[in-house]
Every structure is written in structure tokens, then in C-alpha cells.
Amino acid sequence: MTTRRQFLILAGGAAVSGAVEAQLPPNIEALRKAALAEAVRKVTGDAQVRRGKVKLDLPPLIDNGNTVPLSVDVESPMTSADHVRAIHVFTEKNPQPEVVSFRLGPRAGRARVSTRIRLADTQVVTGIAELSDGSFWSAEAAVVVTLAACLEEA
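So, here is what we can say about the structure in this document. The model shown is predicted, which means the values in this text are computed figures rather than measured ones.

As a further point, take the side chain of Thr-91. For Thr-91, the location among the structural elements is in strand β5 (residues 84-91). Here the side chain of Thr-91 touches Asn-94 through a polar contact of 3.4 Å, side chain to side chain. Once residues lying within four places of it in the same chain are set aside, the contact partners of Thr-91 are Leu-36, Gln-96, Pro-97, Val-99, Leu-119, Gln-123, Val-124 and Val-125.

Listed below in C-alpha cells is the structure:
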């Protein structure tokens, strides 16, 4: 015969393990990569994204993922003939891969934006700049987060 205490221990352990399984699908990494690729494709279409011209400035180690300072610089003369149209920031482990998009024009003067973002976990942040000639340039930066943010799925 099973005692009440044994039953509660078994039932509680089953409930906790079932809750953990329900939160993280076994193929979570593949799902995150697919979501990131789809978000980038929505912005760039079939265009090639090249490395360079973009510089991400964010701390490599952050204590709290709720408020991570981020600056993005893009090499551009910002003239009417040659300027940055948009800057997009993506993350691989946030519930929504596209974190923020900025629209710029030649009258912006400088292709530099600064903000604070939320990061769900230790991950790679990607910045993509769209130039007036239709080209896309990118940079990546790895960030270690000790206290995660953005834990709920959308």
C-alpha cells in the first residue's frame, strides 16, 4: 500500500516534470533558428547579407537581461545618393527574433542609433543595415546574460 506522503511526492514530481516538458519543446534550437531565419528573410528578401560596415556596441557580459544598452553604427556618408535606409536588430533566443527596426534617411546626418533592449538568455545579437543601393550589411555580437528577461513565449 502506498502512503499519502509517497503518493504526494510521486504526484508532485510528475507534475513538475510535465510542466518542464510543456515549456521547452525538444527541438527548441531548431525552432529558434528557423524563426530567426524567417525574420531576417522578411527584412532582406532574397538579397545577400554581407559582413562589414555595421558595428554593434553592447556589453559582452550583462547582469540583467531586462535592460541591455545597445548602439549600432553604420559606415555611410549619409548623402542623398548614399545613405542608410534602415537598421534592424535580431536575436536568436528572444520569443520575437526581431527586436527593433529604425528607419533613417540622408537628413539623419549620422547612421548611429542607441537604445536599450531585453535579452531572454545568453545569445548572439545581429544587426543588419539596409543601404540606399539595396545592399544589406551585418555584424554580430555575443552577449552573456546572467539574469534572463523575455521569458514568456508570444
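With antiparallel pairing, the three strands of this open sheet are ordered in space as β2-β4-β7. The sheet is open, and its two edges are formed by β2 (54-57) and β7 (112-117), each paired on a single side. Strand-to-strand twist across the sheet, computed as the mean angle between neighbouring axes with direction ignored, equals 20°. In terms of strand pairing, β2 meets strand β4 (residues 68-74) through four bridges, oriented antiparallel. From the neighbouring strand, Asp-57 faces β4, where its bridge partner is Ser-71.

Over its 17 residues, helix α2 (residues 28-44) runs 24 Å from end to end, which matches the ideal 24 Å to within 8%, given 1.5 Å per residue. Those residues of α2 that fall on the buried side of the exposure criterion are Ile-28, Leu-36, Ala-39, Val-40, Val-43 and Thr-44. The buried residues of α2 all sit within an arc of 130° when viewed along its axis, so they share a single face. Exposed and facing more than 90 degrees away from the buried side of α2 are Ala-30 and Lys-42. Residues of α2 that are buried sit in contact with β1 (49-51), β5, β6 (98-103), β8 (123-131) and β9 (136-147).

Side chains that differ in charge, positive against negative, can pair when their charged atoms come close. Applying the stated rule across the entire model yields five salt bridges. Of the charged contacts, one joins Arg-32 and Glu-29 as a salt bridge, the two residues approaching to 3.7 Å between their closest N and O atoms. Here Glu-29 and Arg-32 lie together in helix α2, a separation of three residues that amounts to about one turn. Here Arg-41 and Glu-38 are joined by a salt bridge, their closest N and O atoms 2.6 Å apart. With Arg-41 and Glu-38 both in helix α2 and three residues apart, the pair spans about one turn of that helix. Glu-38 gets classed as partly exposed once you look at its relative accessible area, which sits at 32%.

This part takes up the side chain of Ser-132. Mapped onto the elements of the fold, Ser-132 is located in the loop between β8 and β9. Given a relative accessible area of 15%, Ser-132 falls into the buried group. Apart from residues lying up to four places away in sequence, Ser-132 is in contact with Ala-81, Asp-82, His-83 and Arg-85.

Bringing the nonpolar core into the picture now. Of all hydrophobic cores here, the largest spans 26 residues; its most connected members are Leu-56, Leu-58, Val-72, Val-74, Val-84 and Ile-87. Taken together, the elements giving at least two residues each to this core come down to β2, β4, β5, β7, β8 and β9. In terms of residues, this core owes the most to one element, β9, which gives five residues. Apart from the residues lying within four places of it in its own chain, the contact partners of Val-74 are Lys-53, Val-54, Val-84, Ile-87, Ala-111, Ala-129 and Leu-131. With seven residues, the next largest nonpolar core counts Leu-36, Val-40, Val-43 and Ile-128 among its residues.

The rules behind each value
- Residues numbered from 1 in each chain as written.
- Predicted model: local features only at pLDDT ≥ 70, side-chain atom pairs only at ≥ 80, totals over all residues.
- Heavy atoms only, no water.
- Helix = DSSP H or I, 4+ residues; strand = E, 2+ residues; numbered from the N terminus.
- Polar contact = N/O pair within 3.5 Å; in protein donor to acceptor, adjacent residues only side chain to side chain.
- Contact = heavy atoms within 4.5 Å.
- Pairing = 2+ DSSP bridges.
- Axes fitted to C-alpha atoms, helices over the stretch in contact; angles between N-to-C directions.
- Expected span 1.5 Å × (residues − 1).
- Buried < 20%, exposed > 50% of the residue type's maximum accessible area, 1.4 Å probe, protein only.
- Arc of directions from axis to C-beta.
- Salt bridge = Lys/Arg side-chain N within 4 Å of Asp/Glu carboxyl O.
- Core = buried A, V, L, I, M, F, W, Y, C linked by side-chain atoms within 4.5 Å.

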